[in-house]
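Each chain, letter by letter, is given below.
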Amino acid sequence: MNDFLLTPVEFIKGVGPQRAELLRNELGLATVNDLLHHFPFRYVDRSVYYKVKDLPYADFAIQLKGRIIQVSESTAGARQKKLVAKFQDETGVIDLVWFQGVKWIKPLLKTGVEYQMYGKARLYGNQWNVAHPELTEWSEVDKRTGLQPIYSTTEKLTSKGLHSKGLEKIISQVALQLKGRIPETLTAELIQKHRLLSKEQALYLVHRPNSTDDFTRARTRLKLEELFFLQLELLIRKQIGQRAMKGHVFDKVGEVFNTFYEQHLPFELTNAQKRVLKEIRRDCHTGIHMNRLVQGDVGSGKTLVALLAMLIALDNGYQAALMAPTEILAGQHYETIQSLLEPMGVQVALLTGSTKKKQREQLHEGLVEGRIQLLIGTHALLENTVQFANLGIVVIDEQHRFGVAQRARMWRKNQVPPHVLIMTATPIPRTLAMTFYGDLDVSVIDELPPGRKPVSTFHRYESHRLRLFGFMKEQIALGRQVYVVYPLIRESETLDFNNLMAGYEAISRAFPLPDYRVSIVHGQMKPDDKEFEMQRFVRGETQIMVATTVIEVGVNVPNASVMIIESAERFGLSQLHQLRGRVGRGAEQSYCILMTGNELGKDTLKRLETMVSTNDGFEIAEVDLQLRGPGDIMGTQQSGLLNLKIADLSKDSQLVILARDEARNILAEDEQLSMPQHAMVRIVLEEILKSRPNWGKIA
Ligand code: ADP
Ligand code: MG
């Protein structure tokens, strides 16, 4: 970076040491370069003025030109003061109102002086009013027609005159000095190919646009640059990682796999399962270290793919481990896999938090000696006391958030790190996967086993309760089982717990013995009791399972065909989709009923509508991303990647893909970025890599 860009903000006209310190502390803006990269988050067209008589019923801010004719102060509520200014143009009068800062605003208001007024107008009775408007004396209004950039700022900065407008003044001044001082960071080829603005033009126009076209092009260029370097960084890290980490070579497919495949496989694999298995096999015998994410909607048959991958490891003399997020799920996997492999004499073991000490010690021994070939368990597997003779592969089920640091804990269990396979039923939109899992390869099982019927989903209110019970009875009479799920976001929340118990009692009353049997499972039960209840339901001894979200992932009861979700408004989209995935696993038509209260917000309605209208996990994931944004979806774990200044992973998916492709292209042509035309790209990339020390070498 050059001297101009590194100039401290305090040397900019109108800033000085005091404001410079504030800018640094409040927004992290220390240099000219920082200021130039403090991008407006929107633009307002300041060339349009309304008239009082034509005010629109709209939710956007408008501008008026007029004078204040009268100022008065009154009390609004019990204690609150209110300042009202009558503002008049040629066509009428509106009220400008302040509820805060009355004391310092009042003396600033001049009657008779012409003002530009900017704010949102609301109609109360038949009087228009604007609360907390922005007022500028007409003589000081920037008459440049065009768009005004709006900058984010803080309360502290605002109180020192660095509101959006104040920032605009400073940044705009800097923007005027850019000529010849902004080195180009993208290659000439890229710029030509996508007809991008130069960096200098883009930085100027993003702050001082004259048209929508100006800022659109400026933003596109800056977004693409940001995403390009992000993707480049991820690709480079992956390269470094793969070079540094050798993987086990599974070069034979032997007896265990073949016997199982030919004699014990209960059904033909779907084409998608076969394809993904092939991808896994390819990874595992090339000597690279596999880090693969398998995405597949609930019920797409991921377990089987994982099992086959583990059998290949066994055939090559290695051990395998499967980690599940809950004890119930680990237990289920154990049952399924144990019963499939027992006839073949494969040694399978289960390790969870509730495994007794004595048993655990035996287990540890068996693992170190290599007697146990396949270990299934919960997070308990991660503990350091769990060591293997020769761990070849780790499957992590239903945890797409399993981050680099956690994966590394598994890697360290062996001299040569085991291959890692992560299975998730929470589809991640492609653009997010590309960014967050830049270091992972992604496989998709995009096909359900034959004969599955899509689950019919309905949204119902409390008034429907009696009919709902009737419907449950019909289904039970047909021999089906029913889940009723309550939110228990934090298991300790008594209110949630009381709701669950009240629901359980109501159901027990409506579905009395001896005709009906009702199970209950929740987080405050002892693991043994949970297990017992769960098993009763799995065996079909109870027809209704009242539960909290503990049954969310993985649990498989093909005979269960009705999923009722209570207080569905409190669940996120991906959770709702997960829960719904518990039904529709058998051949019967299945149903999901979303029960809610009557007062629902806009986003909630959107979530419910989405659930009713589609069963497609990827489509649901896209809506989820729009509603929540990438930060909430991915958790804070990888939030470093979210510090994007201008691009938005949820909105700029086209650009993400373009950036990814171009980053790939450049590395394919010049892996070391040593060609002269790539010199600048290399310099920028090196700066980025240096600025991210915490990522460590393993990523
Ligand atoms: P998920 O992808 O949600 O983990 P599972 O692996 O639990 O799905 O599989 C769901 C159900 O589908 C299981 O009962 C499993 O035995 C069955 N299944 C898996 N693969 C096939 C297939 N190719 N044909 C028929 N049924 C299958
Ligand atoms: Mg599963």
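Note that the structure is a prediction, hence the values are computed from the model and not measured.

A. Here's a closer look at the overall build of the protein chain. When its secondary structure is counted, the protein chain shows 24 helices and 22 strands. Overall size of the protein chain, expressed as C-alpha extent along the three principal axes, is 95 × 70 × 45 Å. By the burial criterion, 53% of the 699 residues in the protein chain qualify as buried. Restricting the contact set of the protein chain to residue pairs at least 6 apart, pairs at least 24 apart contribute 73%. Here the protein chain displays about 33100 Å² of accessible surface, and carbon together with sulfur accounts for 50% of that area. Of the side chains in the protein chain, 87 bear a positive and 81 a negative charge, and the two mean positions are spaced by 4 Å.

B. Looking closely at the site of ligand 1. In the neighbourhood of ligand 1, 17 residues make up the surrounding shell, with Glu-268, Gly-299, Lys-302, Thr-303 and Arg-452 lying closest. At 2.8 Å, a backbone N or O of Glu-268 approaches a nitrogen atom of ligand 1. Arg-585 places a side-chain nitrogen or oxygen 3.1 Å from an oxygen atom of ligand 1. Protein burial of ligand 1: of its 560 Å² of free accessible surface, 84% is covered by the chains.

C. Layout of the pairing of strand β19 (residues 518-521). The alternating pattern of β19 places Val-518 and Ile-520 and Ser-519 and Val-521 on opposite faces, both of which are buried. Bridge count for β19 against strand β20 (residues 544-547) is four bridges, and the pairing is parallel. Each residue of the ladder has a partner; that of Ser-519, found in β20, is Met-545. Regarding the hand of the β-α-β motif, the stretch spanning β19, helix α19 (residues 527-538) and β20 is right-handed.

D. Structural detail: the sheet that holds strand β22 (residues 591-596). Read from one edge of the open sheet, six strands run β17-β22-β21-β18-β20-β19, paired in parallel fashion. Both edges of this open sheet fall to β17 (456-461) and β19, since each of them pairs with a single strand only. Along the sheet, successive strands turn relative to each other by an average axial angle of 20°, direction set aside. One ladder, built from four bridges, connects strand β21 (residues 560-565) with β22; its direction is parallel. Bridged to Ile-565 within β22 is Leu-594. Of the strands in this sheet, β17, β18 (481-485), β20, β21 and β22 are in contact with helix α17 (residues 465-477), which crosses β22 at around 160°. Across the face of the sheet, α19 comes into contact with β18, β19, β20 and β21 while running at roughly 140° to β19.

E. View of the side chain of Ser-164. Relative to the helices and strands, Ser-164 resides in helix α6 (residues 164-175). For Ser-164, a relative accessible area of 14% gives the class buried. With near-sequence residues (within four places) excluded, Ser-164 lies in contact with Pro-149, Ile-150, Tyr-151 and Thr-153.

F. Seen up close, the confidence of the model for the protein chain. Averaged over every residue, the pLDDT of the protein chain is 88; the share at 70 or more is 93%. This stretch, residues 695-699, has a pLDDT under 50; its non-local contacts, to residues over four places away or in other chains, come to ten contacts.

G. The environment of Tyr-591, seen in detail. When you line up the elements, Tyr-591 lands in strand β22. The spacing of Tyr-591 and Ser-561 is 30 residues in sequence and 6.2 Å in space, taken between C-alpha atoms. Apart from the residues lying within four places of it in its own chain, the contact partners of Tyr-591 are Val-455, Ser-456, Phe-458, Phe-471, Gln-475, Ser-561, Val-562, Met-563 and Val-583.

H. View of helix α2 (residues 16-27). With twelve residues, α2 should cover 16 Å at 1.5 Å per step; its first-to-last C-alpha distance of 16 Å lies within 8% of that length. Taken residue by residue, α2 has Gly-16, Ala-20, Leu-22 and Leu-23 as its buried positions. For α2, the angular spread of buried residues about the axis comes to 160°, placing them on one side. More than 90 degrees from the buried face of α2, the exposed residues found are Pro-17, Gln-18 and Asn-25. Next to the buried residues of α2 lie α5 (155-159) and α6. Gly-28 occupies a position one or two residues after α2 and carries a positive phi of about 70°.

I. Seen up close, helix α10 (residues 255-264). All of the buried residues along α10 are Val-256, Phe-257 and Phe-260. Taken down its axis, α10 places every buried residue within 100° of arc, on the same side. Exposed residues on α10 whose side chains face more than 90 degrees from its buried face are Glu-255, Glu-262 and Gln-263. Those residues of α10 that are buried lie in contact with α11 (271-284), α12 (302-315) and α13 (327-341).

J. How the structure looks around the packing of α13 against α19. One way to put it is that α13 packs onto α19 with a least axis distance of 11 Å and a crossing angle of 55°. Put simply, α13 runs oblique to α19. Here the hand of the crossing between α13 and α19 comes out right-handed. In contact with Glu-327, Ile-328, Gln-332 and Glu-335 of α13, α19 contributes Pro-527, Lys-530, Met-534, Gln-535 and Val-538.

K. Inspection of the sheet that holds strand β4 (residues 92-98) at higher detail. Read across the open sheet, the seven strands follow the order β6-β7-β4-β3-β2-β5-β8; overall the sheet is mixed. The sheet terminates laterally at β6 (121-124) and β8 (134-137), the two strands that pair on one side only. Averaged over all pairs of adjacent strands, the angle between their axes in this sheet comes to 40°, without regard to strand direction.

Calculation criteria
Residue positions are counted from 1 within each chain, in the order its sequence is given. Just so you know, chain letters begin at A and ligand numbers begin at 1, following the order they were written in. The model is predicted, so local features are restricted to residues of pLDDT at least 70 and side-chain atom pairs to those at 80 or more, both for listing and for counting; the totals for chains, interfaces and linings are taken over all residues. Note: side-chain values were computed over all heavy atoms of the structure, leaving out hydrogens and water. What counts as a helix is a DSSP run of H or I of at least four residues, what counts as a strand is a run of E of at least two, and both are numbered from the N terminus. The classification of residues rests on relative accessible area computed with a 1.4 Å probe and restricted to protein chains. Under 20% of the type maximum is buried, over 50% is exposed, and intermediate values are partly exposed. We call two residues in contact whenever any of their non-hydrogen atoms come within 4.5 Å of each other. Accessible surface area values rest on a Shrake-Rupley calculation with a 1.4 Å probe, where residue burial reflects the displayed protein chains alone. Note that His is not counted, nor are the chain ends; the positive residues are Lys and Arg, and the negative ones are Asp and Glu. For this purpose, a charge sits on NZ of Lys, CZ of Arg, CG of Asp or CD of Glu. If a single non-hydrogen atom of a residue is within 4 Å of a molecule or strand, that residue counts as near it. Polar contact criterion, stated in full: a pair of N or O atoms within 3.5 Å, where within protein one must be able to donate a hydrogen and the other to accept it, and residues adjacent in sequence count only if both atoms are side-chain atoms. In short, DSSP must find at least two bridges between two strands for them to pair. When the strands point away from the viewer, a crossover counts as right-handed if the route from the first strand across the helix to the second turns clockwise. Simply put, an axis is a line fit to the C-alpha atoms, just over the touching stretch for a helix, and the angle between two N-to-C directions goes from 0 to 180 degrees. Every residue gets a pLDDT, meaning the predictor's confidence in that residue, from 0 to 100. Expected span of a helix: the number of residues minus one, times 1.5 Å. The directions considered for the arc are those from the helix axis to the C-beta atoms. Geometric relationships in this document are graded by angle, where less than 35 degrees denotes roughly parallel, more than 145 denotes roughly antiparallel, 65 to 115 denotes roughly perpendicular, and other angles denote oblique. Crossing handedness follows the turn of the near helix against the far one: under a right angle anticlockwise gives a left-handed crossing, and clockwise gives a right-handed one.

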